[in-house]
Structure formats: C-alpha cells, structure tokens
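# Close look at the chain arrangement
Single-letter residue listing:
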Amino acid sequence: MHERSLPASPNWYCSRCSDVNSNGLLGFGAKNVIYLCDVSASSCRVSGELVGHKGLVSSFSFCQHAGQSHICVSSSNDGSVLFWDSDNKALIREDAAHQSPVSAVHWSPVDKNLVVSGDEKGIVVCHWYHTGDTASFFPEPRTIFCLTCSPHTWSSVAVGYKDGMIVLIDVSKKGEVMHRLRGHDDEIHSLAWSPLANEDTLYSRAEDYEATNGVPTGEEKGCYLASGSKDQTVRIWSTAKGKGVITMKLPYLKKRGSAVDPTVKERLWLNVHWPKGRATQLVSSCFSGELVMWDLTKTGKQRWTLFGTSSEGQNHSRIVFNMSSVQLQDDRELLISTSMDREIKCWDLASLDCCWTLPSLGGFVYALTFSPVGAGCLALGVGDNMIRVWNTLTTQNQYDTRSFWQGIKSKVTALAWHPKREGSLSFGTDDGKVGIYDVFSNKPPQISSSYHRKTVYTLAWGPPVPPMSFGAAGGKVAYSLYSCAGEGVILQHDPSKLSGEASDIDRLIRDTNNIKHKLSPHTDLSWKPDGKVVAIGNEDGCIDVYEAPSLRLLCSIQQHHKIINALRWHHDHSSSPELHCLLASGSSNAIVYVHNLCSVIENPPESPVVLTEPHRRLCGHTGKITGMAWSPHHDARLVTVSYDGTAQVWDVLQEAAVSNYRGHNGYLLCVDWSPVDPDLIWTGGKDFTLQEWRVSKQEFTKPPKGKKMVDLKEKKHQKKKSNKAAGATGAPPPLPEMNGEPVTGREKAAMRQEVEDEDEVSSTNSSVHPPANLETQRKSSTAVKSKDKPDLNLLKRKKPRSMLPVSTSMDHRPKEELLQDCITLASVKHSSALPAGCVPGQGEHIHLGLFSDRQALYRMFEAEEEGHVEASHFDSVVYLRLWSGDLEGALQLATEKGELNDHLLSIAPMAGFEVWSRTVEAFVKQLCLQEQYLKAASHLLSINKLYDAVHLLRSHKLYREAIALVKARLPADEPVLKELYTCWASVLEKDGHFSAAAKCYIAAGASFDAAKVVARKNDISSLRTAASLARISGEVVLAQSLALRCAKDLSAAQDWVGAQEVLSSQDSLLVHRLHLCVAELLSAMLTGVVPQSCVSSHRWTSVGERDIGILDRVRDVWDEQFGVSQTSSGHRSAGVLLQELKSVESPAATANVPLRQVLLYSSLHLTRSVLNWLLDDDGQLIKELWQTVAWFRDAGHFCVSAELCRLLFPDGDVSVCSRKRAKTLHHTEETAKSAADSLQAFVHHHRLLECWWSRSDNQEVQNGVSSSAADSSPGDEVKDKLDSDASLLLSEPHAACQAMQKSVKEIQERLAAMVLQHGRAQGGQLDGGEKQADAPAQLTTIQGTSDAGQRPDEETLLSLSTKMSEYQKQLADLPETIKMYPHPDVVECCLVLLHLSKSSASVSTSLEHKAKDLLRRYGTSPSVLKASQRFLT
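## Observations concerning the packing of helix α20 (residues 994-1003) against helix α21 (residues 1007-1015)
When two helices pack together, their arrangement is captured by the angle between the axes and the distance separating the axes. Relative to each other, α20 and α21 sit at 175°, their axes nearing to 8 Å. Comparing their axes, α21 and α20 come out roughly antiparallel. Facing F994, A997, A998, Y1001 and I1002 of α20, the residues of α21 in contact are S1007, D1009, A1010, V1013 and V1014. Tallied by class, the residues present in the contact of α20 with α21 amount to 8 nonpolar, 1 polar and 1 charged.

Following this line, the structure appears as structure tokens:
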C-alpha cells in the first residue's frame, strides 16, 4: 500500500519486544501496534502492521519451527496474549489467562505448540497453540521481568525477576522449581540459553575446571544460561549444578571527547543474546548503547570486542533494549537491535559492522515539508522533541536521516524551510518556542527571544512588514519569519537578529485599517508565493486577505463557520495565471473550500470586500481538515488530510476525488507532495509513522462514508490518560492542558487536540536523562487501565458549581426569548418607566438583575439564595450574603450550617472583634467535629485562648503538640506543663513505650518514676540505664537495687566484666562485687565439671598454682583488686561487709535450681566464709563452708560437690583451710564441731568412693565423675588412712537417724497410697478417661492384704499411724546437731567398705566387723538386704 515509511519507535523497557523469524521478517511492538519489516543484509522495508492490542505491547515472539514461522504471539500490559498470522496480518486467537500486565512471552524453540508467558504478579502461564488450553503456575511471589524457554528441553523455562532472582522451573511438573540462581542484586533484564545442550565448552582453561571442584561437567546433564542485570554484570550459570560459573563486569566505554556522565551507569538496560552456533560467543549491550561480543574462553580485555569499530557513528547512542538474530540463505548471520535512540540497526555478526539503520519515530508527526532549495530534503517535526531531516533521494542509504534535538526540549509542531537559503529550517514547539536550525552544521539552533504563550501551529517565511521593513537598505532583510500560535497572535521575527523583540502584526493591521474593535484570534497564515498578499485564518472561521507590506485588508472570506486549520496558495509556476490566485482552506467542518482571488489581488478594491461563495467546494472528508498541499507538478491538484484517518487527492477544477489513501492507523496531521515524483505523496499522523505512497496505486478514490472514528469522537470530550504511552517510549506525563481553561477562540482546534491528546516522549538524545523517569517508565504503562471508567472520570476536570444558577439557567432558553431579553434590557436602561410586568431581578426577569441597578441585583441575590437553600448549597448562600455586604449574617449562617472555612474566618475581623471571636470559637467546634484538632488549637491561639488550646490538645491525646505549645508560650514553672508530662508518660507507659515515658518523667522532675519505668523492660540494657538514671538523680536506694538486678542477670549470663562495671559505679555495693568475684573464681576453677559459656572474664581468674586452694585465691584477689584484707577499715572492713552480706537471702536447695544459679548461691556462702576468716571466727567459717558444699550436694550435683571439696581441702583435712597462710581451725562450740565432722565425713566419703572406683573392674559405674577425681588412687599403704577415714563414716548415731528417716518416708508413702485408694472407693467407679496406672505400686500390695479382717482399712491405718508416731518421737529425742549436719549414708558406706575388703586388704578386720554389725541392725530395706547377703552369710 505504501512505498517507504518510518515506523513508530519500539517500546522501551521490555525484555523481548522484538523478534525475527527464519524468513527474515522482523516484528517489534510500538505502542499498541506490532510492525513487520522485511530485512536483508542490504536493506529493510516496513511491510505491514498487526493491529488489535488495546494496551501497550510488552513482548513479542515468532514461532521458529518450519512450516509455522509465520505464526507469532504478543502480549500486552492489559493482560492479553494474542496469536497472529503475519502473512495475512490477521488475529488468530486471544488468550485472557492473565489478570495482571504481562511482562514477557516466548514461543518454545523445542515444542511448536508451547508458548510461555509471565506477568508482573509472578504468574507463569503455558499456552498450547494447537488446542487453545492454558495452565497457570505461581513459582515465586515476585515481579517477573523476563523469561525464556530452553532450546533443548521443552519443559525447562528460566524466569528472571525484578529483585535479581532467577528461577528455573519445570512446566511439566506444574511449575516445580528446579533451581534458584542467586547472585544478581538488581533487576534481571534478559536471559539467553546456550545453543549447545551440554556444559563442556567453557572449560578450556585449567583454572575454570578447578573452579568446578574437579568434576567433569560432561558427567552431568545441563545447559548454560546467560543473564544480564541492572547490577552491571553478565553471569553464566550452570543449570546442572544450579550455580554461577562466570561473572563478567560490564566495561565502561568513555566516548572520545566527551565528559563522564554520572547518570549513564544508572540508566542501564543490559540485554544479552546468545547467537545460534556460537557456543563460546555472547552478545550484550553496554552503558551507552554499545554492543559487545564476549569470548567466554578468554579473560581480561581480550574477552570482549566492540561492535562497529571500523567507522565512526555505527553504534547506538542510547541504551539497547532488544536483540535478535537470523541466519539468511546466503549464510550471513544478522543481528537486529532496538534502542532508546529510536533506531533499529542491523549488524553483520561476522564483521561486527552495521549494515543499515532504520530510524523510528517516538511521537505524532506534526509537520513535514520538503526543502524548496535542496531537492528531496524532507524535514519532519515530531512529538518526541526532535526534528528529522531525511535525504529521500539518496541511493546508497534509503534511510539517510539526521536527527536534531539541541535547544528544542518540547514537541516540534511546526516547520518551514527558508525559500532561498539552503539548509535554513525554522521550527516551532509545543511550549511556544521559535528557532532556526542550520541543518548542514553541528551548531545549536538560534532561538527567538520572543516566546508564544501557547503551542506554535504555523510558521511561514514572507516579506517583512513594518516596522521591520523600514530598515536601511544595507540592513533590510529579504524575508521575515512569521509564527502563529495557540493564543491567537502572529509574531514577525527578524531571522538575522532573533535576540531582538518580535513584533505583533495585529498592531499594524489595526493602524492600517483603522480597526477599533477586537480582532479575532488568528489560527493560520499563508503567504502567496510572490509575497504580495498574505491570507490569515481566524478562530471564527473568517479568512482575511491582506496586501503587503502595509497589510491593508483586501477581502474577508466568510465561508467557514469553524476554526481555520489550514491555508494554502496555489504555486505560481502553473501554465494558467488564473490558478496563481487560488486559495484552499480547511477547517473543522470537514469541507475544503477553494477561492479564486484573482480579481481582488489584481484590482485591489478601495474598501474590503466580503466573499461568501467559494470558487470550488470539495466534499467527502468526515473529519476536521488538518493539512493540505498543492501538487507542484499539476495544475489545481490538491491533497488534504483529515481526522477521518485518510488522505484525499482532488482535481480542484472538476471538484472530483482522484485517490484516497487509508494506510494510517489514526488521524492524519500533515502532508506534502514529493518535489521530484508527481505520483508520490508523504503523510504523517497520530500513529507515530511517516508514510510514502503513490497516488496511482490506491484502491479507493473517495474517503469512507460516515467514518467518524469512534476513538477520536470520544477523545473530543475527554482527556487522554497522561501516562499511557510513557511505558512504551519513556515520557513523563504531558503538562495539563491549558490549566483547565475552557476552550476559547485563541487556540487552533484542529491541532490543539493532537498536542493535548498525544502520548509521547521528551528528547531522547539529550545528554542528561532523569534516571528516575527511566526507572518508572517500565511500570508506568500499567498505571491506568483503559477499561477503568472511574479513572477516566477522575481525569475529567470537574466543572465548578455556579453561584447564580437560577439566572444562569435563563440564558439557556430559546433564541427568540434571548433576543427579546436584549430589547427588554434596553428599554429598562433607556426609559424612565419600566415595561409592564418587568421587575429586573425578580420572576421571569431575574437574570436582568445582573445588568440593571444595585437594587435589582439584590433582588436577584435573594432569589438565588432561596434556590441554594432548597438545594442545601449553604456555602453559596454565605458568599452571596458576603458579596451584598451582610458579613455578620453570612458568618451567622455559615456557623449554623457548619460551613465555616478559612476564607470566611480571614474576613471575619471586618465585622468587629466580638463577631470574629464568636466565629473563631464556632469554627473550632466545627474543626473538632471534623477531627482537625491541631488546626482548631491554632485558631484558639489567634483569640488568645492559650489554655483552651492546650486543653483541647490534651483532651484528644495530642500531648506532644500540647507540650510544645506550653513550652513555647508559657513560663517554665507552669504547673500545667508537669501535668502534661505526667499524663503523657502514663499513656506511653501503658502502651509499652517505656523510653519515651521515662523522658516525660525526667522532664516532670520525677526521676524515681523514670528509672522505674525504664526498668520495666527488665532486660540488661534497660536495667543498666535505669540504674545509671537513678544514681544520677540521687535515688541511691533505687540505684542500688537496679544495679544488683542488672549484675545478677549479667552474672547469670557469665558476663562477669559487665556485672562488675555495673556495680563499680556505687561504693556501697562493694560486698556484692566481692560476691561476684568469688562466683567468677569458683566458676573458673570448676571448669572441668561445670559447663562454661563465658561472655567476658577478668585476667585474675586465670588458673595459677595448682596447689593453692580456692580460699587463698579469693583472699589474694580481694587484696589486690578490691583492697579488702584483715587490716582494711571503714566500709572495706570485714565486719561491715559481712553485716551487709547477711541481708542477702539464700533459699533452700532443690533439684530444680539451675546449675548457674546454684553456683551463685554457693559462692554467697563461700564469700561469707572468707569474711569470717578475716574476722577469725572459726565457728562461722566452718558453718559457711559446710553450706557452700551442701548447696551443690542437695541440688543433685554430686560431681561438682566432690570437685569443690578437693579445691577447698586439697589435703583432705577440713581443719586446714589454708597452706599459704597456715590457717588451722579450732572449734569450741558444739555446732561448729558437728559442722566440721559432717564436712570431714563428706570429704572422706568422696575419697572412699574414689578408692572404690579406682579398684573396680566395671569403669562404667562412675556415672560421669571427672577424670581428675580418679587420678590419685590409693594403694595398699593407705590402709591405716582408710581406717581412720572410714571410722568417721561408720557413725552409729547417724546410722540410726538415717534408718528412722527412711522408715518415716516409707510410712508416709504407704499412708498416701491408702488415702488415695480409700477416696476412690468412696467416690464410686473411676471415670472412663482416668488411668489406673495413676495409683502407686504399693496399692496392689495393700489391697491384697486387706481381705483378712472385717475392717482392714482402719486396722492398717491405725497401725501405720502408731509406727509413725513412734518414729517421730525417736527422731525428736535425737540431738539437733545430728539432724542439722548429716553424714553420708552409713549403710551405703558399709557396703562399699565390705566390697573393698573383698577386693583388697586395705580394710582392717575391726572396721569390717563394725560395718557388718551396722548392716545387720540398720540395713532393713529389700535392696540393702539383697546387696548384703554375700557379706553377712
């Protein structure tokens, strides 16, 4: 249909938006259209379009299988996936399996029926082309950026995510994840599989082979995968091992002569492509649009080779988004790349040189014009902020195009070549800028210092008019540049001095033609080629023709009734002179009129002539006319373009339609005839394309009948979504149209609509592009969905409600009544008596109150107020009263209706202080109802009600603001401040914000409460802080208790250094420091038997000489580190310290106490014993030592107790507690002697067991005793020593006491079982869920014996109670020292001695007889009787 064309730019920030099939057909998505191009090594040609998507095309892929290569698939951000037949340009099927924007789609290279797509929610869908079935998977809850199907295994798919994760899934197993490849830390832009189905091609180097741990890769099945990420790295992954094998950092290639752009690395898009048949070569994009070929078998700079180095300017100038390759029939392999620079390039992979470049357009084509001097030089003004100049006649490169962007920075909406000077091109922009480019130089453009306020729509070169034509002969310019813009003004610019001020030609028109009234806004102008007259089109549809240079009005053409969009004079080189004066005009009413102004121009009339009949009328278009051009090769041959989406060629004189072109997708904006070929025409429009077509090859001759293009009709009444195409082309949203102003006569409607509706981009070649925009453009396309009607309504600007609706409605009556109103009003204004029944401002004449006197206006206001009250528009009533001067009444009404606002409050002081004060108070109540408490408090301050403002804030729990207000406005000792702090602290404490509450308490002077609330957290850091806070504030008692709590927690965690630091800040806690010192030493010396997880410790805990006891170690450290000794005095004296330590309670030992806690309790008694040693109190010393050992024994830690006894008494003698200081204990008190005997007995007991274990053959009986305890085994020579030790153990009084205690315990157990049995018998049957095993084992025995008598229960209970009483009486008669300081189990010791006597001769005969005697008397339990049989028989 068309010859050559420039397509729309491929969409940006899409991982796979272009693809090429095996026949050399390239497809790429641009906006919501897919363009098809036939490519070869020498050229390319746009061959068609696939139109059907409603949203932006996000991905595109061909089927690469033979016989099916013409089938392709595409996806969109509206969630649709479409299948196409590229040969017939037809839609095959649409799948709607996605609910979110689809970000990637790929046709499997292995299975010709499988297509895989992924969306931004993480859903992966498999589409089966032959059946139409779909299957959805959700492998990861992440945003998918790209995906690619394996070329070797049909079920393997690699998915890349926004957060840098790559996932390999198996679609045959419901999307099961095979590997998660972690390494990238930013967006995955592209994925590419290796063309070979194994992983042995990259390990030609030994170091790479070693990196795989020496496992030959050929033994594992897999394929390499390449990934490109925004983190500036390309990674090669082994899919067999699920890990990366090569990481390549992208090289930064600084361009020659250019400075380093700091934003270049931020706006990176890293695309990778693995060409077929090149297993070790990978192509990737780079920072600034360069393409790099990587050799994966090499390292360093030799690894990569840059494309296009044979000559300058071959590479892209911006980042590359997509690459695809094709193998042609001549065995040449081509690579196609698309870029942000809006160019599609073809590369030869053999030479790495660029074969050809296809420019593309990123915006509406607003203007196109051929140079009148340079043949075939076509200039394009595009909405992507660039000008293209295309040499259309070149033979070597059919797309020889240059782009100009410097100094533009806005949409190019108008162009005009200088009529004589070659290469001089003027341009106008959307933001009102006018400039001139020299297209044959690299200089930036000259910019006029005079800017238009709105869009420039027309530029024209013409002869200068005053005042510019008054210049001197040497300085007078031959041509001036005229610009017409949306505000309706035409400016004349001096091209030789654009820095000077441009002149408004309206001033000359008024002066020359003596015009007093307002001129209609201008919308277009056209100079006749000979420069004698100029035609100016206006917004009201009138066309004025002026004579140069004075601009005397010759005639006014009043044919059109809508805005003039296009004016064109016939060329002056036709054969018939009459045709030179033909003027064609087009407006928004879709009819083209042609006027013959020959008589007016050749014989100028004395006064302006009004023309109302055209020379020719050209009818056929169904939309507004946007552009036209006369054929330079024919007489009276005209081409016009319209909003109906077609271009029409006319034979003007015959009023006949010659040819109609319908190749565009959307309305057209500009047209020009080829200057060299009479059959060629160029058109551009909304679809971002420029198309060249032949008149003689068109199928149609007339425009389609009734074609209004529904989408354009809708756009007439609603604004375009501002960011719909930004995702495709990277544009920030266009500026809001006209700031919401209504449509006026100062804009050119035909093109104003295009500029406002267009979705396109800013300059793409600017040196600095905002990275933030680039990051968000990928997602911006999904911000607004086309089907969301609420979003369209939100985009509409809401029309404000009228203040005078009743009178306004009167202006919408029939035309006859409106005309009668004019007569009535004139009668009222110019006659003394009013017409009958006419009272301006009332009744049917209410609207006349606006045009009559003040009393009539007041009457109109009253009627309007009644209408507003009925409609509940009380705010409008308030403003009407305000306008009429009733300020107090307006405020009163607003108060009653709750319609007060800031504006009314600002003018309230005009009514007096009292009114203002009442209004403020009412407004405060209104704001409180609206929960605007801060604003309400601020208004209370304005009337000096500070305390009320504070109370308001406090009552709504805005304590922070209330405190700030009080501190800023009131004295520091204000009582309300303390109340605020206290109340806020209570709220914060209740909510668990303890630190903030503490600050409030400190500010209120309640330091005690501050420390308490900080300590409520009860962790170490909080307790430490609370202790310091209490100490600083002078709360000594609290500081001590908190420091002790903190130190206790630290010591429990074995952070000994931290615990000492907490206590060291207070001298009164010295005794507790001594306690922790002892605990730390004890913990260090018991390392072998106590599990250690020490956080911190002191140096003095290191083990010194082995023969020094623990008591000597403690005294040495106390003396060196704490200054505590027998000679210390004051608060360091032993008596004072011991008195303080007595207040520390030590609970009874149980088996449930943790070992670390037992260590602290035991060290407490050890600390007391050392203090008693310093006081020479031997009695208390031995008692505390007994308690130290008893804590471990009673808590069930026998091994620790034995080790502690060895540390306390290395010689085994409890009377000798220190070798270093020669301390021997002498006891005079009975309890002290008993304590010493008990402690000595336990020491002997440990030694006896050590002797037994050392001689026993069964070593497993040791039950975990430490090896150190068994190192020193006694020999035969210790027989006497053993006798002396054992004699203390075989104490008959203690044996009797222990036997009675065991009997009492046994009777108690039997009584408890009996009571339980009796209770159950009285209670009936057991519940079904109750277990019989709950009863003790003795129950069975008792129950078996209870059948002997009539009342067995009572007799058994009586007998047991009697025995219990007897045993308790005997226990009470025993001495208290025996019960207070027990000995080891005597019966057990007897058994051990008898065992030793059998295995060795270390036990004397007398001791053996004594042991047997005690066994016979006290060994009554069944287990003891069984064990003693071998000795007593």
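## Brief notes about the packing of aromatic side chains
Enumeration over the complete set of coordinates arrives at 27 aromatic pairs. Arranged with centres 5.6 Å apart and planes meeting at 25°, the rings of W390 and Y399 form a pair that is stacked. Side by side, W390 and Y399 carry an identical accessibility label, which is buried. Arranged with centres 5.7 Å apart and planes meeting at 70°, the rings of F913 and W916 form a pair that is edge-to-face. Pair noted here: F913 and W916 are both in helix α15 (residues 913-929), with a separation of 3 residues, about one helical turn.

## Topic: helix α22 (residues 1020-1032)
Counted at 1.5 Å a residue, the expected span for α22 with its 13 residues is 18 Å, and the 18 Å between its end C-alpha atoms agrees. Regarding α22, the residues found buried are S1022, L1023, A1026, A1027, L1029 and A1030. Buried residues of α22, seen end-on, are gathered within an arc of 165° and therefore sit on one face of the element. Where the residues of α22 are buried, they touch α20, α21 and α23 (1036-1052). Phi turns positive one or two residues past the end of α22, at G1034, with a value near 90°.

## As for the environment of Y35
As for its position among the elements, Y35 is in strand β4 (residues 33-39). For Y35, a relative accessible area of 3% gives the class buried. Linking Y35 and G48, residues 13 residues apart in sequence, is a C-alpha distance of 6.1 Å. Among the polar contacts made by the side chain of Y35, one reaches the main-chain carbonyl oxygen of D687 at a distance of 3.3 Å.

## Topic: the sheet that holds strand β40 (residues 490-493)
If you trace the 4 strands from one edge of the open sheet to the other, you get β38-β39-β40-β41, paired in antiparallel fashion. Two strands in the sheet have a free side with no partner beyond their single neighbour: β38 (456-462) and β41 (503-504).

Conventions used here
- Starting from 1, residues in each chain are numbered consecutively following that chain's sequence as written.
- Given that the model is predicted, a residue must reach a pLDDT of at least 70 before its local features are reported, and side-chain atom pairs must reach 80 or more before they are shown or counted; all residues, however, enter totals for whole chains, interfaces and linings.
- Derived side-chain values reflect all non-hydrogen atoms in the structure, with water molecules and hydrogen atoms excluded from consideration.
- Under this scheme, a helix contributes an axis fitted over its contacting stretch, all axes are lines through C-alpha atoms, and angles between N-to-C directions fall in the 0 to 180 degree range.
- For helices the rule is a DSSP run of H or I covering at least 4 residues; for strands it is a run of E covering at least 2, with both sets numbered from the N terminus onward.
- When an angle is under 35 degrees it counts as roughly parallel; over 145 it counts as roughly antiparallel; between 65 and 115 it counts as roughly perpendicular; any other value is oblique.
- Only heavy atoms enter the contact rule, under which two residues are in contact if any of them lie within 4.5 Å.
- Following the grouping adopted for this structure description, the nonpolar residues are Ala, Val, Leu, Ile, Met, Phe, Trp, Tyr, Cys and Pro, the charged ones are Asp, Glu, Lys and Arg, and the polar ones are all others, Gly among them.
- Two rings belonging to Phe, Tyr or Trp (six-membered ring only in the last case) form a pair when the distance between their centres is within 6.5 Å. Interplanar angles under 30 degrees mark stacking, angles over 60 mark edge-to-face geometry, and anything in between is tilted.
- Throughout this description, buried means an accessible area under 20% of the type-specific maximum (1.4 Å probe, protein chains only), exposed means over 50%, and partly exposed covers the range between.
- What a helix should span is 1.5 Å times the count of its residues minus one.
- Here the arc refers to the set of directions running from the helix axis out to each C-beta atom.
- Polar contacts here mean pairs of N or O atoms no more than 3.5 Å apart (in protein, one a potential hydrogen donor and the other a potential acceptor; neighbouring residues in sequence count only if both atoms are side-chain atoms).
- Only strands joined by at least two bridges in the DSSP assignment are considered to pair.

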